[in-house]
Every structure is written in structure tokens, then in C-alpha cells.
Amino acid sequence: MFTLSITLVRHGETQYNKEKLLQGQGVDTPLSETGVQQAEAVGKYLRDIAFNYVFSSNLQRAIHTAEIIRRNNTHCSGTEMVLDPLLRERGFGVAEGHPKEHLKNMANAAGQSCRDYTPPGGETLDQFLKALFQQLSDEHGRAGAPEAANGTAAAASERAPGGSAEDGLQEASVHALVVSHGAYIRVAIKHLLEDLKSSLPAGAKMSQVFSPCPNTGISRFVFTLSPSESGPVLSAARCCFTNRKEHLGNLTAAEKCGGKEMG
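Reading the values: the criteria
Residues numbered from 1 in each chain as written. Predicted model: local features only at pLDDT ≥ 70, side-chain atom pairs only at ≥ 80, totals over all residues. Heavy atoms only, no water. Helix = DSSP H or I, 4+ residues; strand = E, 2+ residues; numbered from the N terminus. Buried < 20%, exposed > 50% of the residue type's maximum accessible area, 1.4 Å probe, protein only. Contact = heavy atoms within 4.5 Å. Areas by Shrake-Rupley, 256 points an atom, 1.4 Å probe, with all protein chains shown as cover. Salt bridge = Lys/Arg side-chain N within 4 Å of Asp/Glu carboxyl O. UniProt positions renumbered as here; feature names shortened; annotations may be inferred. Pairing = 2+ DSSP bridges. Polar contact = N/O pair within 3.5 Å; in protein donor to acceptor, adjacent residues only side chain to side chain. Core = buried A, V, L, I, M, F, W, Y, C linked by side-chain atoms within 4.5 Å. Axes fitted to C-alpha atoms, helices over the stretch in contact; angles between N-to-C directions. Parallel < 35°, antiparallel > 145°, perpendicular 65-115°, else oblique. Left-handed = near helix turned anticlockwise from the far one by under 90°. Nonpolar A, V, L, I, M, F, W, Y, C, P; charged D, E, K, R; others polar.

Take the overall build of the protein next. A tally of helices and strands in the protein yields nine helices and six strands. In the protein, which comprises 263 residues, the share counted as buried stands at 52%. Within the protein, contacts between residues at least 6 apart in sequence are counted, and of these 79% link residues at least 24 apart. Within the structure as shown, the protein displays about 11,500 Å² of accessible surface, and the carbon and sulfur contribution to it stands at 50%.

For the rest of this paragraph, the subject is the pattern of salt bridges. In the structure shown here, the tally under the stated rule is six salt bridges. D167 is the salt-bridge partner of R244, the closest N and O atoms lying 3.0 Å from each other. Here R244, found in strand β6 (residues 233-244), pairs with D167, found in the loop between α6 (152-157) and β4 (174-180); they are 77 residues apart in sequence, far enough to count as distant. By relative accessible area, which is 9% here, D167 ends up buried. Two residues, R244 and E246, come together in a salt bridge whose shortest N-O distance is 3.8 Å.

Another point: the UniProt feature "active site" (unreviewed entry) in the protein. Mapped onto this numbering, the UniProt entry annotates "active site" (unreviewed entry) at H11 and E89. A relative accessible area of 0% places H11 in the buried class.

What follows covers the pairing of β4. Burial analysis of β4 places seven of its seven residues in the buried class, which makes it a mostly covered element. Side chains V174, A176, V178 and S180 of β4 all project onto a buried face; the interleaved residues H175, L177 and V179 project onto the opposite face, where all are buried too. By the bridge criterion, seven bridges tie strand β1 (residues 2-10) to β4 in an arrangement that is parallel. Counted as the bridge partner of I6 is A176 from β4. Looking at chain direction, strand β2 (residues 53-56) and β4 are connected through four bridges and run parallel. When the sheet's bridge partners are listed, Y53 is paired in β4 with A176.

We now examine the UniProt feature "binding site: substrate" (unreviewed entry) in the protein. As recorded in UniProt, the sites labelled "binding site: substrate" (unreviewed entry) are R10, H11, G12, E13, T14, Q15, Y16, N17, R61 and K100. Within the structure, the side chain of E13 is placed 2.6 Å from the side chain of S32, a separation counted as a polar contact. Its place among the elements puts R61 in helix α3 (residues 60-72).

This paragraph deals with the nonpolar core. In terms of nonpolar packing, the biggest core is built from 24 residues, with L4, I6, L136, F221 and F223 touching the most fellow members. It is helix α7 (residues 182-195) that provides the largest number of residues to this core, a total of six residues. Grouped together as the second largest cluster of nonpolar side chains are 22 residues, V9, I63, L169 and A172 included.

Further remarks concern the packing of helix α2 (residues 33-45) against α3. At a minimum axis distance of 8 Å, the contact between α2 and α3 shows a crossing angle of 40°. Considering the angle they form, α2 stands oblique to α3. Taken as a pair, α2 and α3 cross one another with a handedness that is right-handed. Note on element contacts: α3 touches α2 through H64, T65, I68, I69, R71 and N72, opposite V36, A39, E40, V42, G43 and K44. Of the residues that constitute the contact of α2 with α3, the class distribution is five nonpolar, four polar and three charged.

Inspection of the secondary structure puts Q170 in the loop between α6 and β4. The spacing of Q170 and V222 is 52 residues in sequence and 10.0 Å in space, taken between C-alpha atoms.

Looking now at the sheet that holds β2. Spatially, the six strands line up as an open sheet ordered β3-β2-β4-β1-β5-β6, and their pairing is mixed. The open sheet has two edge strands with one neighbour each: β3 (81-83) and β6. The average angle at which neighbouring strand axes cross in this sheet is 20°, direction not considered. Examined bridge by bridge, β2 and β3 share three bridges and lie parallel to one another. Counterpart to V54 in the pairing with β3 is M81.

Right, let's talk about the environment of E33 for a bit. Within the secondary structure layout, E33 lies in helix α2. Among the residues examined, E33 registers a relative accessible area of 64% and is labelled exposed. Through-space distance from the C-alpha of E33 to that of E13 is 8.2 Å; in sequence the pair is 20 residues apart.

Put into C-alpha cells, the structure is as follows:
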């Protein structure tokens, strides 16, 4: 049996986020100046966490954010970053490059909610997180469980339980950083809570758990897996927190604002 933590981070702001335009997969925009500052802030917040794995969407806004986080990290600056197309943003098809209201109007015309609607030329995310989770589990199952890297777990146990960048890490021996996109993270959190039955933190408010992820917002889940002949089996899952943004506290109000679930 082994434990795995996954720390999900949304990329920093882009100009499309600022203008509230849908990016999806077809519009591959770079970070704005504010987005770079947000990425530096989240990198400094997570700098003492010894990530064993670093995964990123292969879109440049996510890659740049992951690179900044890795550069700021005191343990994993040399860790290989895996660019995984499974972490790419939801495809918005013909709606990409348009305001979110355009997508809402298309969904209404089709008699569906905006959350469930897939525009012509778009994609769904049903299997993305499952595939990523299986990938991590398969690799770890073959390699065997390493010790917590560089004392991360011990350091976490000495800190206050609430509001720390290390919350939940003391329970895990393997730590993965995953940098992705707003809509992807929303669907991932929904899948982890509703399908994988992750337990919630005490006193958690559902409005916060399912709130839109801000640029460089952080979410963390811890999984306990048991070996079997067919591969690791999930025996427990816990949500540590979702959409955390305390690291943005020193930025101006304008810098904190980011596109909500628009890529």
C-alpha cells in the first residue's frame, strides 16, 4: 500500500483570460505580465515541497507556469517535466476566441447547460483524469514506494495544520505536481469527489470546493492505493483543499483577477 498526493495548479493569466475570451486547445496564448507574477507567487508558495513528478499540459501557458514553479522549487528544479496532452484544456471548438457568453448561447440553443455542452469541433474530458491517475499509479507500482523526499513529510508535521503549503503531504510518500487549465481542473475535481468518492476537509463549504479556479489556484488530493494483480487499486481518497489562492495576497487586486474557467 502506498500514498500519492496530487497538487493541481492552474496556469497564470493570459491576455485572453484578461479579456474573458475562451482559449481551449486551439488558441495557445502565452502568459501575460500578470500571469508571470502569479506563477512566481505560486512557485514561491510551493518552493519547499519535494515533488517526485512534474506534469504539465503541453500548451505554452501551462508549460511556462510549470517551469517557473520548478525553477523556484528547492528540491525539484532538476526533475524532468512531462508534457502530457491529456492535461490540455477542454476543447471549445468553434467557440474558441469568443466570449464565454457565446458558448452559453450555443449551449442554450442546444438545450444543454454550459458545463455539459460540447461545441462542434470540441472535446469532452471524461477520461482525462482517469488516464493520468492510471499513468502515475502504473509507474509507481513498478518502481516501488520511495521515502518521502528531503524530509517533506516531517517538515509538514511540524507546521500548523491549516493554511500551509504542505497540508496533507505528511500522509503521502509520492508527490506529483500537475499544471493544467481552469475547465480541466473543474471537471477533475468533480470526478475526484463524485466518482472516486474523495472525502472533504472538515467544515468545507461546497460553494468553495466547486468554485471557479483562479489563475494559479491550487487544489490537492491524497490517494491511498493497494497493489493487485491487475494494478493498483484505490482504497481511499481525500481532498485536502481546492482553489487556494493565499499566495496571491501580495499582488494588486488587478493582478489577482484572472479568467474564470476560460482556459
